[in-house]
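# Coordinate analysis (summary)
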Amino acid sequence: MTLINAIISLIGAVISGVLATIITIFINHKNEIMREKKTVVAEIFGYRFLLNRQRDAEKFYAALNRVPIVFHDDEEVLQAYEELLANSLIKDWNERGKKMNDSLVTLLKALCKATGIKCNDWNDSKVLNVFGV
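All figures in this text were calculated on a predicted structure; none of them were measured in a lab. (Residues numbered from 1 in each chain as written. Predicted model: local features only at pLDDT ≥ 70, side-chain atom pairs only at ≥ 80, totals over all residues. Heavy atoms only, no water.)

### Looking at helix 3 (residues 75-88)
Counted only if it meets this: Only DSSP runs of H or I reaching four residues or more are called helices, and only runs of E reaching two or more are called strands; each is numbered from the N terminus. By definition here, a helix of n residues has an expected span of 1.5 Å times n minus one. Note on contacts: a residue pair qualifies if any of its non-hydrogen atoms lie within 4.5 Å across the two residues. Any pair of N or O atoms that falls within 3.5 Å is considered a polar contact. Within protein, one atom must be able to donate a hydrogen and the other to accept it, and sequence-neighbouring residues count only if both atoms are side-chain atoms.
Taking 1.5 Å of rise per residue, 14 residues should cover 20 Å, and helix 3 covers 20 Å from first to last C-alpha, within 8% of that figure. Taken together, the buried residues of helix 3 touch helix 2 (58-70) and helix 4 (93-115). Structurally, the start of helix 3 carries an N-cap: the backbone nitrogen of glutamate 76 is 3.1 Å from a side-chain oxygen of aspartate 74.

Shown next as structure tokens:
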């Protein structure tokens, strides 16, 4: 009986170790994805004042260009991103500016929602007003 108990204990230890490793890897993977999403959101918020500038906007656009890759699994974010992209192609500067601001607010709020950042009580001006303008 002691050999059988030892084998059962050994099998239990191996299974629990493998199970713990799988769970840890899964949790770390989910945390890494969320960390990457929050980094993209922070960069977009940090550089949003560059949106309608002719120069120095590369960092903002680089962060925006990461959205479809990082948020590929969030339909609301992708839809808001596509709307912002479509509005960026408008030729009339007055119409473009207004629509870009509206679609940027929509995108920023969708990004916050996707990353768990509470922005329900933020109005559009709170999202658009920035330092350094």
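### Observations concerning the side chain of threonine 115
Note the cut-off: Only protein chains enter the accessibility calculation, which uses a 1.4 Å probe; a residue whose area is less than 20% of its type maximum is buried, one above 50% is exposed, and one in between is partly exposed.
Looking at the secondary structure, you find threonine 115 in helix 4. For threonine 115, a relative accessible area of 4% corresponds to the buried category. Within the structure, threonine 115 has its side chain in polar contact with the backbone oxygen of leucine 111 (distance 2.9 Å). Filtering out sequence-adjacent residues up to four positions away, threonine 115 remains in contact with Met34, Lys37, Lys38, Val41 and Phe71.

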